[in-house]
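Given next are the chains, with one letter for each unit.
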Amino acid sequence: MTRQAREQFIATLAMLLTLAVGGAFVGGLSGGLLVPIIAVLIMAYAKGRFVILDFMELRESGGLMRSALLAWPALLLLLALLRTVTVTLMG
């Protein structure tokens, strides 16, 4: 592992940890409100994107696999958002 690759790995790891702690903090204080839940879901997608692009080494590659792997967490988080909106509107 080169020095540049190690520095990029550490920077990505620090960003993932920051997003995880921030998501836990915002989620814990959300009180079931919609806007903080949306913020947590956005942070969750960002974490998934970092893992897919950096840790699975797909940042420089293109193609169907990269697109499918990025669409998968987006779909799951969209379903989580729809569930949250449904529960909020129903009472």
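Everything discussed here concerns the structure shown above.
Residues numbered from 1 in each chain as written. Predicted model: local features only at pLDDT ≥ 70, side-chain atom pairs only at ≥ 80, totals over all residues. Heavy atoms only, no water.

Draft legend 1. Geometry of the pattern of salt bridges. One pass over the structure, following the stated rule, counts two salt bridges. With a shortest N-O distance of 3.0 Å, Arg3 and Glu7 are connected by a salt bridge. You can see Arg3 and its partner Glu7 sitting in helix 1 (residues 3-29), four residues apart, about one turn around the helix. For Glu7, a relative accessible area of 44% gives the class partly exposed. A salt bridge links Asp54 to Arg59; the nearest nitrogen and oxygen atoms lie 2.7 Å apart. (Salt bridge = Lys/Arg side-chain N within 4 Å of Asp/Glu carboxyl O. Helix = DSSP H or I, 4+ residues; strand = E, 2+ residues; numbered from the N terminus. Buried < 20%, exposed > 50% of the residue type's maximum accessible area, 1.4 Å probe, protein only.)

Draft legend 2. Broad picture of the packing of helix 2 (residues 34-55) against helix 3 (residues 64-90). Contact geometry of helix 2 with helix 3 gives a least axis separation of 10 Å together with a crossing angle of 165°. In this view, helix 2 runs roughly antiparallel relative to helix 3, as classed from their interaxial angle. The handedness of the crossing between helix 2 and helix 3 is right-handed. Residue-level contacts link Leu34, Ile37, Ile38, Leu41, Ala44, Tyr45, Arg49, Ile52 and Leu53 of helix 2 to Arg66, Leu69, Leu70, Pro73, Ala74, Leu77, Ala80, Leu81, Thr84 and Val85 of helix 3. (Axes fitted to C-alpha atoms, helices over the stretch in contact; angles between N-to-C directions. Parallel < 35°, antiparallel > 145°, perpendicular 65-115°, else oblique. Left-handed = near helix turned anticlockwise from the far one by under 90°. Contact = heavy atoms within 4.5 Å.)

Draft legend 3. Quick look at the layout of surface pockets. Estimated volume of the largest pocket: approximately 260 Å³. Surrounding the largest pocket, Met1, Ala5, Gln8, Phe9, Thr12, Leu53, Asp54, Phe55, Glu57, Arg59 and Glu60 form its lining. Breaking the lining of the largest pocket down by element, the ones donating at least two residues are helix 1 and helix 2. For the lining of the largest pocket, the class distribution of residues is five nonpolar, two polar and four charged. (1 Å grid on protein atoms, 1.4 Å probe; cavity = no way out; pocket = protein on both sides within 12 Å on 5 of 7 lines; lining within 4 Å. Points joined across faces, edges and corners; volume = space filled by probe spheres on them. Nonpolar A, V, L, I, M, F, W, Y, C, P; charged D, E, K, R; others polar.)

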